[in-house]
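Read off the chains here:
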Amino acid sequence: MPKSQVRRDHFGDLLRTLRLERRLTQEELAEAAGSSVRGIREMERGRVRSPQRRTVVLLADALRLTGEDRDRFVALARVERQPDDRVAVPDDRVAVVPHDPSALVVPGELPAAVPDLAGRAEILERLSALAADVTAGRPDTASVVVLHGPPGIGKTSLAVAAGHRLSPAFAGGQLFVDLQGASPDDPVDPAEALAGLLRSLGVPDSRVPVSPAERGGLFRTLTRDRPLLVVLDNAASEAQVRPLLPAGRGCLALVTCRRPLTGLAGAVRLPLDLLAPAAGRLLLAAIVGADRIAAEPAAADQLVKLCGRLPLAVRIAGNRLASRPQWSVGWLVDLLRDQRQRLTVLTAGDLGVRSAFEVSYRQLDPMTARVFRRASLIPGSDFEPALVAAVSGTDEDTAAAALEELVEAGVLLTMGDRYQFHDLLRLYAQERLDAEEQQASRTGAHDQMVGWLLRRTRQAGLMFEPVASRVDSPFDDDRAAAYWLNRESVNWLAALRDAARRGRHADVVAVTRALHWYSDANSHRHSWDEIFSLGVAAARAAGSPRDEAVLLNFLGWARYFCRDRNTDGLAALDRALELAQRIGDRREEAWALTYTAAIFIRIGRGGAAVDHCRRAVGLFREIGYALGEHSAASALGGALATLGRFAEAAELHGDVLAFYVQGNGLSRTGAVVAQAGAMMSLGADLAGMGLWRNAADEYARARRLFNRCGATFSEAIAIHRYGLALQALGEADAAGEALRAALALYAALSCPWWEAQTLSALAALAGSAPGRAADARLLRQRALDRCGELDAPEVRTLRATLRRELAES
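What counts, and where the lines are drawn
Residues numbered from 1 in each chain as written. Predicted model: local features only at pLDDT ≥ 70, side-chain atom pairs only at ≥ 80, totals over all residues. Heavy atoms only, no water. Helix = DSSP H or I, 4+ residues; strand = E, 2+ residues; numbered from the N terminus. Buried < 20%, exposed > 50% of the residue type's maximum accessible area, 1.4 Å probe, protein only. Contact = heavy atoms within 4.5 Å. Lys, Arg positive; Asp, Glu negative; His and termini not counted. Charge placed at Lys NZ, Arg CZ, Asp CG, Glu CD. Disulfide = S-S within 2.5 Å. Phe/Tyr/Trp six-rings, centres within 6.5 Å; stacked < 30°, edge-to-face > 60°. Pairing = 2+ DSSP bridges. Axes fitted to C-alpha atoms, helices over the stretch in contact; angles between N-to-C directions. Parallel < 35°, antiparallel > 145°, perpendicular 65-115°, else oblique. Left-handed = near helix turned anticlockwise from the far one by under 90°. Nonpolar A, V, L, I, M, F, W, Y, C, P; charged D, E, K, R; others polar. Core = buried A, V, L, I, M, F, W, Y, C linked by side-chain atoms within 4.5 Å. 1 Å grid on protein atoms, 1.4 Å probe; cavity = no way out; pocket = protein on both sides within 12 Å on 5 of 7 lines; lining within 4 Å. Points joined across faces, edges and corners; volume = space filled by probe spheres on them. Expected span 1.5 Å × (residues − 1).

Participant: How should the overall build of the protein be read in this particular structure?
Facilitator: Scanning the protein for helices and strands turns up 41 helices and 12 strands. By principal-axis analysis of the C-alpha atoms, the protein measures approximately 105 × 70 × 55 Å. The burial tally for the protein puts 53% of its 809 residues in the buried class. In the protein, the proportion of contacts linking residues at least 24 apart, taken out of those at least 6 apart, comes to 66%. Averaged over its 100 positive side-chain charges, the protein has a centre that lies 3 Å from the centre of its 99 negative ones.

Structure below.
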């Protein structure tokens, strides 16, 4: 008999063949069928010869079998089932347990399971394990499980699917009650629910007690000695659920609720997460057809994303596509791109995302509803209670309590001490804001938020200024300020842009100036060229040449130091120098000379750099600004080193380091960054004199300081130079390790020029090692790629060197 025929004569072989023909992994098939990977594996190996009929049907659905192929698949599973494998409990709603002389009623009330449950294999496995512990009578096993999550997450679908899967283990029956807890006006009374449960267990109406307490007692009596599965769907509260929990040790209750029901003692709480992208595609394919989804894979991925990976939304989108075969997936994607219409598009028949959200929203008290609506004005994906208080016009404690209530209600996500909307719930909150609050109210709330963010950002930035320049601040120190600025960067930058668009020039200037010292320690964390450009434009619009000169200096620094755009940096600094000289601002003139000298050092114009630095030192000294004088002196040392005058440079840098060690008014972070910078310069001087071990020590010290204050880019440079020093010392392995560490940091910060330099150094290491010529060539090619479109003398030099080395290799 041909091999292919053998494979199709046994259920396990047939299952495996069909799966492979559809190019599904065991994991993907398990997710699509709501099964477990282990179950699929055991069936394919023939170790499970009696799969449940529901399992076989779900597998057939997942494999998209129809007609004769489907009938044969189901029949083959039935043929292989052994007589003693059959479950004695029928699928009918009410049946009699065979051979039971007492003729107890065995309910089977579970609704039909959805055939296309996806992405819940892991949680189904956990429920199966828990059910096994319960039915085995293991002590200390929880008998109540709360499946909780936001509206549309698929709680009911999962509970029903789990109930069908677990039903063989609960021969005493399966009960199902819709408690209608999401309805604020008409949740089911526990006493009425108990009466229904008693009737399901065979108690005639005439014998159902009148008293709720007696009903509960009878229910517990009837469930004490029988393995029973109870699904309590859509619960409102702990008080509604408690009387309905069965008493037997062999019973399991599955409760679904938007809240976690934290008051239920001893319950296992399983939060439901959004679908993984792959699971979302599987769900779409199950509804629409695998071929249709496979024809537009990119559009399918975008569709799942626009649905926010919410199962209800993905199901509705799939239903709309299934009902309109003439639509492409891309067409529906285009409809969903319009945020104003997305919730309307995500409606199919009596299913709607908006209506699911509406149920939860109607249950909120007025203040919590207001917080929900107004939080949608916050531009960032996550936020803190203080910002919500500002936009809601309330105090922080009230805002925090409302946010926790929104999390409990399942309409807001929590991330530690921060909060986040699901994408579709943000759109719904915006809809409610537009519908329920006047334009003047919405504008006022937005302006409150922007004003609060601008004030808080300025206060945080000023914490990095010299002590004498600090103002009263809500931050204890510069570390606390940095923590806030880093976490709220999306929000404060959006506020700054908004202020610039609306002509709040004084606010923009004040904030951007306050951020200067913070930017020193966080040079590659934010888009400083944009931030300081906004400041320059605001200063010019406000008619403030001094502020414009200050911010042009900051902009020049951002362009050369943060973006490696030397030419653009020089252009901004030329404007700063001309403006400072015109208005007689010697301090900003000196800073323009110092920053310009730094660029000259980069591009090999050491003589011009020395001249600029000496002029800057003189100007700073004339006005008695010691901090600026030592900054210019440090740059002068770098310029002298460029000319090969390393001993003079080292002496200067030693003096500068001693100055910074004394603090001299710098903030704690500012002093650490300045000291580390001086150590880096001193290390370069020592390297120039051939004192590589001493240089390596200075770079290592600088690295530790940069790491301590979170100056990641500067830390990467310190590691990079440390690696070069070790390379010069012949310590190839340690050098390679350091250079790879630097490369990882540069890549994370997206610094292509620095990546290119590090890759070139690694290529040199590989080229000097026996048998690594191919590695060296690959590293040089990567370095050449990272040079990209950058156009600066030093980049052109490296690019030419790499091309020559590649041609010679």
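Participant: Help me understand the state of the cysteines, please; the structure alone is not making it clear to me.
Facilitator: Where two cysteines share a covalent bond between their sulfur atoms, that bond is called a disulfide. All told, the structure shown has 0 disulfides when counted by the stated rule. Counting only cysteine sulfurs, Cys562 is the nearest neighbor of Cys613, a cysteine outside any disulfide, at a range of 19 Å.

Participant: Honestly, the packing of aromatic side chains in this entry has me stumped. Any pointers?
Facilitator: Two aromatic rings are characterised by how far apart their centres lie and by the angle between their planes. Per the counting criterion, the structure on display carries 24 aromatic pairs. Considering the side-chain rings of Tyr518 and Trp528, the 5.8 Å spacing of their centres and the 70° angle between planes classify their relative orientation as edge-to-face. Separated by 10 residues along the polypeptide, Tyr518 in helix H27 (residues 516-521) and Trp528 in helix H28 (residues 528-542) bring together distant segments of the chain. Neither residue differs from the other here; Tyr518 and Trp528 are each classed as buried. A centroid spacing of 5.6 Å and a plane angle of 65° characterise the contact between Phe659 and Tyr660, whose relative ring orientation is edge-to-face. Side by side, Phe659 and Tyr660 carry an identical accessibility label, which is buried.

Participant: Would you take a moment to explain the sheet that holds strand S12 (residues 418-420) for this structure?
Facilitator: Hydrogen bonding along the main chain pairs the strands of a sheet, whether they run parallel or antiparallel. Here 3 strands make up an open sheet; going across it, the order is S10-S12-S11 and the pairing antiparallel. Where the open sheet ends on each side, the last strands, each with one partner, are strand S10 (382-383) and strand S11 (413-415).

Participant: Hey, could you run me through the packing of helix H34 (residues 646-661) against helix H35 (residues 668-688) in this one?
Facilitator: Any two packed helices are characterised by how steeply their axes cross, that is the angle between the axes, and by the distance between the axes. Where H34 contacts H35, the two axes come as close as 9 Å, and the packing angle between them is 165°. Considering the angle they form, H34 stands roughly antiparallel to H35. As H34 runs across H35, the sense of the crossing is left-handed. In this structure, H34 contributes Phe646, Ala649, Ala650, His653, Val656, Leu657, Tyr660 and Val661 to the contact, and H35 contributes Ala671, Ala674, Gln675, Ala678, Met679, Ser681, Leu682, Asp685 and Gly688. Here the residues of the contact of H34 with H35 are counted per class, giving 12 nonpolar, 4 polar and 1 charged.

Participant: Is there a simple way to explain the nonpolar core in this structure?
Facilitator: Within soluble globular proteins, side chains that are nonpolar tend to cluster in buried spots. Leu252, Leu303, Phe372 and Phe383 are the most contacted members of the largest nonpolar core, which totals 220 residues. Among the elements that take part in this core, H35 stands out by supplying 11 residues, more than any other. Excluding residues that lie within four positions of it along the chain, Phe383 makes contacts with Ala375, Ile378, Val388, Leu403, Leu412, Arg418, Tyr419, Gln420, Phe421 and Arg426. Counting 29 residues, the second largest nonpolar core, distinct from the first, contains Leu175, Leu228, Ala253 and Ala267.

Participant: Could you clarify how one ought to interpret unusual backbone geometry in this entry?
Facilitator: Trans peptide bonds make up the majority, and among non-glycine residues the majority have a negative phi. Despite not being glycine, Arg309 shows a phi value in the positive range, around 60°. For Arg309, a relative accessible area of 31% gives the class partly exposed. The backbone phi angle of Ser750 is positive, close to 55°, even though this residue is not glycine. Mapped onto the elements, Ser750 comes out in the loop between helix H38 (732-749) and helix H39 (752-767). Among the residues examined, Ser750 registers a relative accessible area of 53% and is labelled exposed.

Participant: Teacher, can you tell me more about the layout of surface pockets here?
Facilitator: Picture a little ball the size of a water molecule; that probe, rolled over the atoms, points out where space is still empty. In this structure, the largest pocket occupies an estimated 1800 Å³ of space. In this structure, the largest pocket is lined by 48 residues; those nearest its centre are Phe561, Ala598, Gly677, Ser681 and Arg721. A per-element tally of the lining of the largest pocket places H35 first, with 11 residues. Class assignment of the residues belonging to the lining of the largest pocket gives a composition of 29 nonpolar, 14 polar and 5 charged.

Participant: Help me understand the packing of helix H25 (residues 489-501) against H28 in this model?
Facilitator: Running from N to C, H25 and H28 cross one another at 30°; their axes reach a closest spacing of 10 Å. Taken together, the axes of H25 and H28 are roughly parallel relative to one another. For the pair H25 and H28, the crossing hand works out as left-handed. Side by side, H25 and H28 meet where Trp492, Leu493, Leu496, Arg497 and Ala500 of the first sit next to Glu530, Ile531 and Leu534 of the second. Of the residues that constitute the contact of H25 with H28, the class distribution is 6 nonpolar, no polar and 2 charged.

Participant: Would you mind going over helix H30 (residues 566-583) with me for this structure?
Facilitator: Think of an α-helix as turning once every 3.6 residues; residues three or four places apart then point the same way. Between the first and last C-alpha of H30 there are 26 Å, a value that for 18 residues agrees with the 26 Å anticipated at 1.5 Å per step. All of the buried residues in H30 are Asn566, Gly569, Leu570, Ala572, Leu573, Ala576, Leu577, Leu579 and Ala580. Among the structural elements, helix H29 (545-562), helix H31 (586-602) and helix H41 (793-808) are those in contact with the buried residues of H30.

Participant: Would you explain the side chain of Asp564 in this entry?
Facilitator: Counting through the fold element by element, Asp564 comes out in the loop between H29 and H30. The residues contacting Asp564, other than those within four sequence positions of it, are Arg559, Arg602, Trp753 and Trp754.

Participant: Teacher, can you tell me more about the environment of Val177 here?
Facilitator: Examined against the element boundaries, Val177 turns out to sit in strand S4 (residues 174-178). For Val177 and Ile316, which are 139 residues apart along the polypeptide, the C-alpha to C-alpha distance reads 25 Å.

Participant: Help me out: how do you make sense of the sheet that holds strand S5 (residues 229-233) in this one?
Facilitator: The strand order S4-S5-S6-S3-S7 describes an open sheet built from 5 strands, whose pairing is parallel. The open sheet has two free edges, formed respectively by S4 and strand S7 (268-271), since each of these has just one partner strand. Pairwise comparison of adjacent strand axes, ignoring direction, gives a mean angle of 15° for this sheet. Across 4 bridges, the pairing between strand S3 (residues 144-148) and S7 is parallel. Residue Val146 lies in a different strand from S7, and its bridge partner there is Arg269.

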